[in-house]
There are 2 protein chains.
Amino acid sequence: MNDLANLRGFVADELNDAQVAILEGAARRARAHAVVMTSVAASGHPAGALSSMDLFVTVLASADFTPELFGGTHDRDHIVVSHGHTSAGWYAALGLFNFLDVEEALAHFRQAGSPYQGHVERGVPGVDWGTGNLGQGLSAGVGFAIASRALGHDRHTYVLMGDGEQVKGQIAEARRVAHKRELGNITAVVDWNNIQISGTCQEIMPADLRALWEADGFKVYECDGHDYNALYKTLKEARNDGVPSVVLAKTVMGKGVSFMENKCDFHGKAAVGGEIAQALGELGEPESLYAEAKNRRFEALPQEVLFLEEKVELDLGQPITYEADARKDNRGAFGAALADVAGKNKDVAGRTPILAFDCDLAGSVKLDAFARVAPERFIQAGIQEHNVATLVGAASVAGVVPVWADFGVFGIDEAYNQQRLNDTNRANAKLVLTHVGLDVGEDGMTHQCIDYVSLLRNCFGWKLVVPADPNQTDLATRWLLTEPGNICLAMGRSVLPIVTKDDGTPFFGKGYTFKYGGIDVIRKGADVNILAMGHMVSRALAAREILRREKIDAQVLHCACPLAMNVDELLWLMRKRPLVTCEDHHVDTGMGAIVAMNFGRKGKSVPMVNMGVTRYGDSGSAEDVLFRMKLAPEDIARSAKELVATGGGLAR
Amino acid sequence: MNDLANLRGFVADELNDAQVAILEGAARRARAHAVVMTSVAASGHPAGALSSMDLFVTVLASADFTPELFGGTHDRDHIVVSHGHTSAGWYAALGLFNFLDVEEALAHFRQAGSPYQGHVERGVPGVDWGTGNLGQGLSAGVGFAIASRALGHDRHTYVLMGDGEQVKGQIAEARRVAHKRELGNITAVVDWNNIQISGTCQEIMPADLRALWEADGFKVYECDGHDYNALYKTLKEARNDGVPSVVLAKTVMGKGVSFMENKCDFHGKAAVGGEIAQALGELGEPESLYAEAKNRRFEALPQEVLFLEEKVELDLGQPITYEADARKDNRGAFGAALADVAGKNKDVAGRTPILAFDCDLAGSVKLDAFARVAPERFIQAGIQEHNVATLVGAASVAGVVPVWADFGVFGIDEAYNQQRLNDTNRANAKLVLTHVGLDVGEDGMTHQCIDYVSLLRNCFGWKLVVPADPNQTDLATRWLLTEPGNICLAMGRSVLPIVTKDDGTPFFGKGYTFKYGGIDVIRKGADVNILAMGHMVSRALAAREILRREKIDAQVLHCACPLAMNVDELLWLMRKRPLVTCEDHHVDTGMGAIVAMNFGRKGKSVPMVNMGVTRYGDSGSAEDVLFRMKLAPEDIARSAKELVATGGGLAR
């Protein structure tokens with residue numbers, strides 16, 4: 001495809017006839033490949049793949065996006081395919097542009113164990129962001145565009161989208177951020193064939209696409225999505241117009257295969273039998289393509305490409321230690337640590353940019369200090385949590401460290417699916433939840449995030465840290481900035497006592513290094529164990545004092561990393577004494593449930609009480625709400641005492 | 001307020017001077033009450049309450065919405081307060097219109113144990129829908145408007161909204177449904193004071209409100225939100241214009257209290273000290289109001305009002321029994337049962353309307369049969385899941401039975417927070433997930449819903465049924481239509497063998513009644529127990545056959561209701577033999593984890609293996625994907641055999 005060289009980066013003003021012919025040929029072949037892929041797999045979405053193919057090919061020929069660039073640098077264009085069900089088409093197009101061996105994709109598309117999953121997934125070269133759940137691609141694109149600008153590259157991002165997904169609200173949220181931040185480096189391209197699964201777009205859910213994009217400040221172009229030159233010139237204009245723009249590309253569903261054109265049927269159905277030969281015939285490809293791919297299907301599966309580990313360069317500075325008499329909340333300690341690291345690094349060459357994202361809660365989630373230190377890296381994204389979750393995930397695989405701080409119910413309950421998809425995308429999102437559990441102020445049950453452990457536990461990659469006090473919060477904040485992977489730091493709202501050692505000095509002070517996993521022995525004790533999570537440590541320590549007066553010597557343990565719970569370590573620390581777990585999380589789905597499950601699996605008969613949230617909480621101060629939930633120090637002490645009294649002190 | 005009688009139902013053309021004076025007085029008092037409530041609670045959102053007060057009062061004086069109507073009938077207007085943080089204002093206004101005893105609210109707002117939570121919650125008379133997480137109120141309103149129309153009342157719904165939340169994508173989704181269904185019976189009223197927590201709306205996230213509402217087909221009115229006559233006349237026009245409409249009401253943040261006006265500060269901060277007296281003075285109310293409320297604060301708490309139980313009248317017909325040789329998928333059985341019941345009842349007077357909601361997947365989720373039987377009750381809502389989740393919840397407390405069928409990842413992963421809020425609202429949503437677990441076709445990991453048990457487990461009210469075969473699906477479908485509460489029916493995509501008894505007749509056939517909770521003993525056996533969930537029963541039965549050949553007699557149990565697991569019943573059924581649990585759900589958060597947790601809590605040492613999903617799944621046929629996840633019958637048999645061989649057969 002050397003004859004296309006002057007298109008790369010949209011240098012040429014237009015395509016010459018030879019170039020049009022090359023693209024036509026490429027698209028024709030790729031269409032045939034998409035048909036074969038879906039027919040070999042006997043599933044998939046051929047008609048959408050055919051519809052989008054000319055968009056795919058034109059963007060791939062023209063963007064600063066090559067196999068060499070893809071594997072090696074963030075200083076390149078990015079492409080997101082938001083309508084991930086067109087995967088057969090995208091893989092076929094990537095094959096023609098040498099990102100991957102199309103023979104592999106032809107044979108192993110949608111085959112269990114192959115990286116060529118049913119929807120576009122990372123791990124396939126040329127895929128910047130895995131999609132499949134509709135309406136999220138533009139957010140990912142905005143994340144890439146923001147990251148590229150923060151890195152000083154300011155490269156372009158293309159987001160190829162379906163028309164059916166245009167009604168998803170998250171798309172409007174993404175548009176608004178692009179508009180507000182004047183992202184001239186993003187172009188959306190909508191495959192506007194007007195056919196959805198059950199009918200036309202107007203039948204399914206009417207939407208005035210031009211009006212919607214314009215209302216959110218995008219420049220709108222329309223063109224024929226099967227006319228290469230029109231498409232190229234429109235894309236070039238959109239690339240250079242200096243504002244966020246969208247190309248509404250009028251297309252034909254199933255383009256190129258007569259019996260698929262303008263039909264709903266082949267949205268999610270592959271050609272079979274004679275249809276395959278007819279389709280290949282119409283596309284000018286040999287019938288044998290199908291049989292060859294089909295016969296190759298049971299060879300060794302292709303391997304997934306390794307994910308690039310993002311290299312983060314940051315000076316994490318020195319921890320701030322809050323002394324025993326400090327009055328500090330965890331969120332304040334987070335905000336101070338983040339601002340400290342941001343300030344240290346922001347003007348140093350070679351350092352990875354830290355971006356902070358806010359949904360109009362900066363003062364509460366303590367991003368205000370960051371906003372003062374690095375205002376140009378503070379992104380006020382409004383009350384648009386679904387969008388923010390995805391753009392943080394995408395930005396995190398594009399060379400920056402994005403930190404999103406929000407209330408628990410917004411950052412994880414509201415955006416759960418987006419966080420799950422950040423996990424399947426193996427992103428490096430940093431999520432700080434400043435209001436979790438029952439410690440959220442007087443806002444009441446809608447704002448009490450009592451499920452964050454449970455939600456993240458469903459994801460195979462997410463790490464979670466629930467610090468006990470401001471000192472541990474400071475350490476965990478610095479740690480997560482350079483640690484790979486999706487990481488959540490979760491805390492309550494209240495000012496907390498500094499956790500101290502026996503000698504009165506800060507427990508998480510000098511000599512303590514934060515390490516993911518592991519259990520902190522806050523106080524040793526011989527009679528009973530109290531395992532607390534997060535701010536409940538201070539209540540466990542208060543319970544310990546109550547128990548002391550009753551001559552019961554309680555050991556206080558802290559679990560900051562419930563998803564990394566090592567029950568063998570716990571059992572060893574417990575020294576065959578009974579266990580009370582306490583947390584302001586749903587009692588059946590949090591840390592205590594993890595312990596109980598593991599005891600059950602190990603067949604360990606341990607005298608234990610799990611204390612936690614057993615109903616939707618009241619609206620009131622954290623003290624009052626915890627009291628009414630029977631999670632006050634007196635309640636913890638009572639549980640421990642009863643366990644000891646009922647013979648629970650004996651190992652079984 | 002008898003002098004306002006001719007406003008009720010917007011009968012009068014305009015307010016007379018006396019009426020204006022009455023509303024002015026009422027709003028002034030209610031503002032004072034809102035200030036006192038927040039100051040007594042020392043938290044809350046006074047400035048927004050003051051901003052919205054004239055909207056609250058005007059709507060309450062004019063809508064067909066009185067304490068008598070509220071408690072007794074669905075044949076009335078509905079009101080949703082979407083910006084639930086203005087609760088102090090809404091409670092104060094409701095107090096003036098005799099919905100509640102405002103003295104109670106003054107004293108006990110945001111006090112732990114009181115129904116006057118920090119955000120507007122159901123359980124307080126006059127609250128149709130609990131809110132607090134922004135951007136969801138319009139969806140609830142659309143749900144009410146749809147339900148009212150389906151009941152033949154066609155009463156009006158008012159949705160009072162904030163301006164900051166206007167950028168939430170879900171609002172656009174709700175607008176589009178209102179427009180598509182030509183809901184002339186809904187009016188949104190936006191409190192447009194242009195102040196958010198951290199700055200003006202334009203600073204936080206620019207949005208062209210008029211353009212956005214118009215782009216989605218709403219008629220847009222603008223008026224002064226503090227001019228009662230202008231507001232009344234505009235609302236009257238909007239009520240009668242026959243199309244969905246919005247009133248953008250220009251207001252002043254903190255209106256009526258000079259030091260709160262146009263300030264961000266008092267968004268989430270109560271007046272203190274001398275501020276309180278000053279505010280009350282400016283509002284013409286005695287200073288003593290505050291002290292009186294404060295002194296009452298620690299008296300007995302008011303009780304929550306009981307929720308009306310929705311009466312559902314439906315003839316559930318006769319179950320369809322699929323014989324042993326039937327080739328049927330669970331989703332098909334669901335679709336047939338739903339269409340059967342819908343057909344039986346739709347033209348019978350006095351029967352509760354069933355509405356079915358679809359997100360452009362009717363053919364896959366098998367709502368097509370319903371759409372043919374009751375096309376006027378089939379609601380195609382497009383790819384807008386967040387919105388649909390909320391509107392189904394709201395419709396379910398307004399006199400209809402709404403059923404939403406969707407893929408698992410869309411119905412519960414994507415809309416988790418909405419489903420959680422349906423739970424806090426004690427709604428009666430019926431959610432049918434037709435593609436859960438690994439049995440979702442070849443779509444791959446983004447579409448594999450391996451967390452639905454875990455997600456619903458975080459909610460205290462949701463019930464979950466995972467049927468084993470088409471017969472149990474039919475029974476559960478009929479059952480859930482009249483059963484109160486939020487209920488989820490979850491199933492995979494594949495055609496399944498009919499589960500039979502020893503004699504070859506359908507297990508879930510004649511003589512079997514579906515009851516929520518309980519464990520089905522599918523096959524008795526002496527050596528080892530296999531507890532399966534949903535379609536894994538058929539694989540457990542296949543494993544049993546493999547084991548038989550090795551002279552191991554396995555008992556096969558089925559858990560259709562994992563959230564209602566009775567571990568004592570399980571232990572009794574197990575007869576001290578070991579246990580293999582199997583499910584295509586995340587192994588640490590599903591049915592097996594529930595069993596293990598309960599064993600751990602009980603200190604039961606049971607030889608057990610939990611089999612489930614241990615990583616993100618492959619893309620391929622359900623058989624292939626299960627095979628690679630080591631959940632095939634051979635794997636189950638191997639686990640059982642190893643348990644038996646390692647002495648697991650002995651009770652411990």
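**Quick word on the overall build of chain A**
Part 1 of the reasoning: Within chain A, the secondary structure is distributed over 25 helices and 18 strands.
Part 2 of the reasoning: Taking 26 Å as the expected radius of gyration for a compact globule of 652 residues, we find that chain A reaches 28 Å, a close match to that expectation.
Part 3 of the reasoning: Structurally, chain A occupies a C-alpha span of about 90 × 50 × 45 Å along its principal axes.
Part 4 of the reasoning: Sequence-distant contacts, at least 24 apart, represent 78% of the contacts inside chain A between residues at least 6 apart.
Part 5 of the reasoning: In the form shown here, chain A has an accessible surface area of approximately 19900 Å², with 48% of it arising from carbon and sulfur atoms.
Part 6 of the reasoning: Distance between charge centres in chain A, computed from 65 positive and 82 negative side chains, equals 7 Å.

**Let's talk about empty space enclosed by the protein**
Residues and elements named next belong to chain A.
Part 1 of the reasoning: A complete count under the given rule lists 10 cavities of 30 Å³ or more for this structure.
Part 2 of the reasoning: Roughly 110 Å³ of volume is contained in the largest cavity.
Part 3 of the reasoning: Lining the largest cavity are 16 residues; nearest its centre among them are Glu 310, Val 312, Ser 396, Val 401 and Asn 428.
Part 4 of the reasoning: When residues of the lining of the largest cavity are traced back to their parent elements, those giving at least two are strand 9 (401-407) and helix 20 (470-482).

**A closer look at the packing of aromatic side chains**
Residue and element names in this part refer to chain B.
Part 1 of the reasoning: Scanning all chains against the criterion turns up 37 aromatic pairs over all chains.
Part 2 of the reasoning: Aromatic pair Phe 56 and Trp 90: ring centres 5.1 Å apart, planes at 70°, arrangement edge-to-face. Residue Phe 56 is found in helix 2 (residues 46-62), and its partner Trp 90 is found in helix 4 (residues 87-96); the two are separated by 34 residues along the sequence.
Part 3 of the reasoning: Using a relative accessible area of 0% as the deciding quantity, one classes Phe 56 as buried.
Part 4 of the reasoning: Take Trp 90: its relative accessible area is 1%, and that puts it in the buried class.
Part 5 of the reasoning: Ring centres 6.1 Å apart and planes at 75° place the aromatic pair Tyr 91 and Phe 109 in the edge-to-face group. Of this pair, Tyr 91 sits in helix 4 while Phe 109 sits in the loop between helix 5 (102-108) and helix 6 (137-150), placing them 18 residues apart in sequence. Take Tyr 91 and Phe 109: they sit in the same class, and that class is buried.

**Re the pattern of salt bridges**
Part 1 of the reasoning: All told, the structure shown has 72 salt bridges over all chains when counted by the stated rule.
Part 2 of the reasoning: We note a salt bridge from Glu 385 of chain B to Lys 168 of chain A, for which the minimum N-O separation is 2.8 Å. Taken as a pair, Glu 385 of chain B in helix 16 (residues 385-395) and Lys 168 of chain A in the loop between strand 2 (157-162) and helix 7 (169-180) lie in two separate chains rather than in one.
Part 3 of the reasoning: With relative accessibility at 4%, the residue Glu 385 of chain B sits in the buried group.
Part 4 of the reasoning: Each of the salt bridges in this network shares a partner with another, and the network as a whole consists of Asp 64, Asp 75, Asp 77, Arg 155 and Arg 239 of chain A.

**Comments concerning the interface of chain B and chain A**
Part 1 of the reasoning: The interface of chain B with chain A comprises 102 residues on the first partner and 101 residues on the second.
Part 2 of the reasoning: For the pair chain B and chain A, the summed buried area comes to about 8200 Å², and 53% of that belongs to carbon and sulfur atoms.
Part 3 of the reasoning: Summed over the three residues of chain B that lose the most area to chain A, namely Phe 460, Arg 601 and Tyr 616 of chain B, the buried surface amounts to 9% of that side.
Part 4 of the reasoning: Where chain B meets chain A, there are 70 residue pairs in polar contact (both at pLDDT 80 or more).
Part 5 of the reasoning: When residues of the side of chain B that touches chain A are assigned to their parent elements, the largest contribution, seven residues, is made by helix 18 (residues 416-424) of chain B.

**Some points on the packing of helix 1 (residues 17-41) of chain B against helix 4 of chain B**
Residue and element names in this part refer to chain B.
Part 1 of the reasoning: Their axes nearest at 8 Å, the elements helix 1 and helix 4 cross at an angle of 130°. Judged on the interaxial angle alone, helix 4 and helix 1 are oblique. Relative to helix 4, helix 1 is oriented so that their crossing is right-handed. Facing helix 1, whose interface residues are Ala 26, Arg 29, Ala 30, His 33, Ala 34, Met 37 and Thr 38, helix 4 presents Ala 88, Gly 89, Tyr 91, Ala 92, Ala 93 and Leu 96.
Part 2 of the reasoning: The residue makeup of the contact of helix 1 with helix 4, split by class, is nine nonpolar, three polar and one charged.

**Quick look at helix 6 of chain B**
All names here are of chain B.
Part 1 of the reasoning: Between its first and last C-alpha atoms helix 6 spans 20 Å; for 14 residues at 1.5 Å apiece the expected length is 20 Å, and the two agree.
Part 2 of the reasoning: Counted residue by residue, helix 6 has 12 buried out of 14 residues, so it is predominantly covered.
Part 3 of the reasoning: Buried residues of helix 6: Gly 137, Leu 138, Ser 139, Ala 140, Gly 141, Val 142, Gly 143, Phe 144, Ala 145, Ile 146, Ala 147 and Ser 148, and no others.
Part 4 of the reasoning: Directly beyond the C-terminal end of helix 6, a positive phi value near 85° is found at Gly 152.

**Looking at the sheet that holds strand 2 of chain A**
Residue and element names in this part refer to chain A.
Part 1 of the reasoning: Taking strand neighbours across the sheet as the criterion, the five strands line up as 1-2-3-5-4 in an open arrangement whose pairing is parallel. Where the open sheet ends on each side, the last strands, each with one partner, are strand 1 (78-81) and strand 4 (219-224). Across the sheet, the axes of successive neighbouring strands diverge by a mean angle of 20°, strand direction being ignored.
Part 2 of the reasoning: As judged from the six bridges shared by strand 4 and strand 5 (residues 245-250), these two strands associate in the parallel manner. Counterpart to Lys 219 in the pairing with strand 5 is Ser 245.

**As for helix 2 (residues 46-62) of chain A**
Part 1 of the reasoning: A rise of 1.5 Å per residue sets the reference length of helix 2 of chain A, with its 17 residues, at 24 Å; its end C-alpha atoms lie 24 Å apart and thus fit the reference within 8%.
Part 2 of the reasoning: At Ser 52 of chain A, helix 2 of chain A shows its largest kink, close to 50°.

**Thoughts on the relation of the copies chain B and chain A**
Both copies of the chain are related by a screw-like operation: a rotation about an axis and a shift along it.
Part 1 of the reasoning: When chain B is brought onto chain A, the operation consists of a screw motion whose angular component is 180° and whose axial shift is 0.0 Å, with 0.0 Å RMSD remaining. Overall, the copies show the geometry of a two-fold rotation axis.
Part 2 of the reasoning: Both copies contact each other with a shared surface, as 99% of the interface residues of chain B are interface residues in chain A too.

**Considerations on the environment of Ala 532 of chain B**
Residues and elements named next belong to chain B.
Part 1 of the reasoning: The residue Ala 532 is located in strand 15 (residues 528-532) in this model.
Part 2 of the reasoning: Overall, the relative accessible area of 0% leaves Ala 532 in the buried class.
Part 3 of the reasoning: Along the backbone, Ala 532 and Gly 485 are 47 residues apart, and their C-alpha atoms lie at a distance of 26 Å.
Part 4 of the reasoning: Each residue touching Ala 532, except ones within four places of it in the same chain, is listed here: Val 537, Ala 540, Leu 557, His 558, Cys 559, Cys 582 and Met 591.

**A closer look at the confidence of the model for chain A**
Part 1 of the reasoning: Mean pLDDT for chain A: 96, with 98% of residues reaching 70 or above.
Part 2 of the reasoning: Two numbers describe this predicted complex: its pTM, 0.98, and its ipTM, 0.97.

**Concerning the sheet that holds strand 3 (residues 186-192) of chain B**
All names here are of chain B.
Part 1 of the reasoning: Overall, parallel pairing links the five strands, which are arranged 1-2-3-5-4 in an open sheet. The open sheet has two edge strands, strand 1 (78-81) and strand 4 (219-224), and neither has a second partner. Each strand axis lies, on average, 20° off the axis of its neighbour in the sheet, ignoring direction.
Part 2 of the reasoning: When strand 3 meets strand 5 (residues 245-250), the two strands line up parallel, connected through six bridges. Each residue of the ladder has a partner; that of Ala 188, found in strand 5, is Val 246.
Part 3 of the reasoning: Relative to strand 3, helix 2 is tilted by about 150°, and along the sheet it contacts strand 1, strand 2 (157-162), strand 3 and strand 5.
Part 4 of the reasoning: Along the sheet, helix 6 makes contact with strand 1, strand 2 and strand 3, crossing strand 2 at roughly 180°.

**A short note on the pairing of strand 18 (residues 608-613) of chain B**
Residues and elements named next belong to chain B.
Part 1 of the reasoning: By the criterion of burial, strand 18 is predominantly enclosed, with five of the six residues buried.
Part 2 of the reasoning: Strand direction decides the pairing type here: strand 17 (residues 579-586) and strand 18, joined by five bridges, are parallel. Its bridge partner being in strand 18, Thr 581 is matched across the sheet by Asn 610.
Part 3 of the reasoning: Crossover strand 17 to strand 18 through helix 23 (residues 591-602) is right-handed.

**Points about the nonpolar core**
Part 1 of the reasoning: Residues Trp 213 and Tyr 452 of chain A together with Trp 213 and Tyr 452 of chain B are the most contacted members of the largest nonpolar core, which totals 316 residues.
Part 2 of the reasoning: In this view, Tyr 452 of chain A contacts Ile 412, Leu 433, Val 436, Gly 437, Leu 464, Val 466, Ala 490, Met 533 and His 585 of chain A; residues no more than four positions away in its chain are not counted.

**Quick word on the side chain of Arg 31 of chain B**
Residue and element names in this part refer to chain B.
Part 1 of the reasoning: Here Arg 31 shows up in helix 1.
Part 2 of the reasoning: Of note is the side chain of Arg 31, whose polar atom sits 2.8 Å from the side chain of Asp 54.
Part 3 of the reasoning: Look past the residues within four positions of Arg 31 in its chain and what remains in contact with it is Leu 50, Met 53, Asp 54, His 226, Tyr 228, Lys 255 and Leu 283.

**Observations concerning the state of the cysteines**
Part 1 of the reasoning: One pass over the full model with this rule turns up zero disulfides over all chains.
Part 2 of the reasoning: Unpaired in terms of disulfides, Cys 449 of chain A finds its nearest cysteine sulfur in Cys 488 of chain A, a separation of 8.2 Å.

Scoring rules and cut-offs
Here the residue numbering is sequential within each chain, running from 1 through the sequence in written order. Chain labels run from A onward and ligand labels from 1 onward, assigned in the order the entries are written. In keeping with the predicted nature of the model, local features appear solely for residues at pLDDT of at least 70, side-chain atom pairs appear and are counted solely at 80 or more, and the whole-chain, interface and lining totals rest on all residues. Processing note: side-chain calculations cover all non-hydrogen atoms of the structure and skip hydrogens and water entirely. Elements are defined by DSSP. Helices are runs of H or I of four residues or more, strands are runs of E of two residues or more, and each kind is numbered from the N terminus. Taken over C-alpha atoms, the radius of gyration is set against a globule rule of 2.2 Å times the number of residues to the power 0.38. Should any heavy atoms of two residues lie within 4.5 Å, those residues are considered in contact. Note that accessible areas follow from Shrake-Rupley with a 1.4 Å probe, and for residues the cover is restricted to the protein chains shown. Under the counting rule used here, the positive set is Lys and Arg, the negative set is Asp and Glu, and His together with the chain ends is not counted. Where a charge sits is defined by one atom per residue type, namely NZ (Lys), CZ (Arg), CG (Asp) or CD (Glu). Buried and open spaces are told apart on a 1 Å grid over the protein atoms alone, a cavity being a set of points where a 1.4 Å probe fits but cannot get out and a pocket being an open set with protein on both sides within 12 Å along at least five of seven lines. Residues with an atom within 4 Å of a point are the lining residues. Grid points are joined across faces, edges and corners, and a volume is the space filled by probe spheres set on the points. In summary, the pairing rule links any two rings of Phe, Tyr or Trp, Trp by its six-membered ring, whose centres are within 6.5 Å, and it sorts them by plane angle into stacked for under 30 degrees, edge-to-face for over 60 and tilted for everything else. The buried label applies to any residue whose accessible area, calculated with a 1.4 Å probe on protein chains only, is under 20% of its type's maximum; exposed applies above 50%, and partly exposed to all values in between. Salt bridges, as used here, are contacts in which a Lys or Arg side-chain nitrogen is within 4 Å of a carboxyl oxygen on Asp or Glu. Two parts lose some accessible area (1.4 Å probe) when they are put together, and adding that loss for both gives the buried area. Polar contacts, as counted here, are pairs of nitrogen or oxygen atoms within 3.5 Å of one another; within protein the pair requires one atom able to donate a hydrogen and one able to accept it, and residues that are adjacent in sequence qualify only if both atoms are side-chain atoms. Angles run from 0 to 180 degrees between N-to-C directions of axes, and those axes are lines fitted to C-alpha atoms, restricted for helices to the stretch in contact. Throughout this description, any angle smaller than 35 degrees is read as roughly parallel, any larger than 145 degrees as roughly antiparallel, any in the 65 to 115 degree range as roughly perpendicular, and the remainder as oblique. Helix crossings fall into two classes, left-handed where the near helix is turned counterclockwise from the far one by less than a right angle and right-handed where it is turned clockwise. The nonpolar class holds Ala, Val, Leu, Ile, Met, Phe, Trp, Tyr, Cys and Pro. Asp, Glu, Lys and Arg form the charged class, and all remaining residues, Gly among them, are polar. In this scheme, a helix's expected span is set at 1.5 Å multiplied by one less than its residue total. Strand pairing requires that DSSP identify at least two bridges connecting the strands. What the bend at a residue measures is the angle between two axes, fitted to the seven residues ending there and to the seven starting there. Here the copies are superposed with least squares, the fitted atoms being C-alpha atoms of residues at a pLDDT of at least 70 in both. On a scale of 0 to 100, pLDDT captures the predictor's confidence in every residue. Whether a crossover is right-handed depends on one test, that the path from the first strand over the helix to the second runs clockwise when the strands point away from the viewer. Definition of nonpolar core: a set of buried residues of the types Ala, Val, Leu, Ile, Met, Phe, Trp, Tyr and Cys, connected through side-chain atoms within 4.5 Å. Here, two cysteine sulfur atoms that lie within 2.5 Å of each other are counted as a disulfide.

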